[in-house]
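So you can see what is in the structure, the chains are spelled out below.
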Amino acid sequence: MIVCVAVVGHQNNPLYIQSFTEADDALKLHHIVHCSLDVIDERVNNTKKSGPMLNEAFLGLLYPTENYKVYGYLTNTKVKFILVTTDLDVRDADVRNFFRKFHAAYVDAVSNPFHVPGKKITSRTFAGGVSNLVKSFGLSSSG
């Protein structure tokens, strides 16, 4: 089950963070998202290890915690997508597919002429689309 998704700008500014759990966990999930930015920067800036993967947008599993797994995705414009899930046996193909759809929803949201680049995404259509993606991910990954 997906418990949190985030969009972080190229200057590590949060553009969109949504948690899908109780309010008590929201702060912990925001901290996990914030910590994952260091892992993303380390992978992107360490060219020795990730040389052939530089063209790959999907960063894969960033790090596991006791209760969560954190996945990352990096766009061409250095915008980072972060996914936190409680499922410990998620297939990479499902996560890749989720990020592709999430990226498409993000592109639709920022293509809005009323959206100011670099500012938080406040579109209700984007939030609804993300919620639907999260719900469909839970159904497709358990089946």
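For the structure, check the block above.
The following refers to the structure shown. (Residues numbered from 1 in each chain as written. Predicted model: local features only at pLDDT ≥ 70, side-chain atom pairs only at ≥ 80, totals over all residues. Heavy atoms only, no water.)

A short note on the sheet that holds strand E5 (residues 80-85)
- The strand order across the open sheet built from five strands is E2-E1-E5-E4-E3, with neighbouring strands paired in antiparallel fashion. Because the sheet does not close on itself, it has two edges, and the strands there are strand E2 (14-19) and strand E3 (58-64). Within the sheet, the average angular offset between the axes of one strand and its neighbour, ignoring direction, is 15°.
- Where strand E4 (residues 69-74) and E5 come together, six bridges link them in antiparallel fashion. Each residue of the ladder has a partner; that of Tyr71, found in E5, is Leu83. (Pairing = 2+ DSSP bridges. Helix = DSSP H or I, 4+ residues; strand = E, 2+ residues; numbered from the N terminus. Axes fitted to C-alpha atoms, helices over the stretch in contact; angles between N-to-C directions.)

Quick word on the packing of aromatic side chains
- Going through the model one piece at a time under the given rule, you end up with ten aromatic pairs.
- Between Tyr16 and Phe126, the aromatic rings sit 4.8 Å apart at their centres with planes inclined by 80°, giving edge-to-face as the arrangement. Taken together, the positions of Tyr16 in strand E2 and Phe126 in helix H3 (residues 124-142) put the pair 110 residues apart, joining distant regions of the chain.
- Residue Tyr16 is classed as buried on the basis of its relative accessible area of 8%. (Phe/Tyr/Trp six-rings, centres within 6.5 Å; stacked < 30°, edge-to-face > 60°. Buried < 20%, exposed > 50% of the residue type's maximum accessible area, 1.4 Å probe, protein only.)

Digging into unusual backbone geometry
- Phi at Asn12 takes a positive value of approximately 60°, unusual for a residue other than glycine.
- Within the secondary structure, Asn12 is located in the loop between strand E1 (2-8) and E2.
- With a phi close to 65°, Lys78 is a non-glycine residue in the positive phi region.
- Following the sequence through the fold, Lys78 ends up in the loop between E4 and E5.
- Accessibility expressed as a relative area gives 44% for Lys78, which makes it partly exposed.

A short note on the pattern of salt bridges
- Taken as a whole, this structure holds one salt bridge when the rule is applied.
- The partner of Asp94 in a salt bridge is Arg91, with the nearest N and O atoms 3.2 Å apart.
- Relative accessible area serves as the criterion here: at 16%, Asp94 is assigned to the buried category.
- Since its relative accessible area comes to 54%, Arg91 is described here as exposed. (Salt bridge = Lys/Arg side-chain N within 4 Å of Asp/Glu carboxyl O.)

Notes on the environment of Leu37
- In this structure, Leu37 sits in helix H1 (residues 23-45).
- Its relative accessible area of 6% is what places Leu37 among the buried residues.
- Not counting residues within four places of it along the chain, the set of residues in contact with Leu37 comprises Val8, Asn12, Lys80 and Ile82. (Contact = heavy atoms within 4.5 Å.)

Structural notes on the pairing of E5
- The buried fraction of E5 is high, at six of six residues.
- Alternating residues of E5 divide into Lys80, Ile82 and Val84 and Phe81, Leu83 and Thr85, and every residue in both groups is buried.
- The pairing of E1 with E5 spans six bridges and is antiparallel. Counted as the bridge partner of Val7 is Phe81 from E5.

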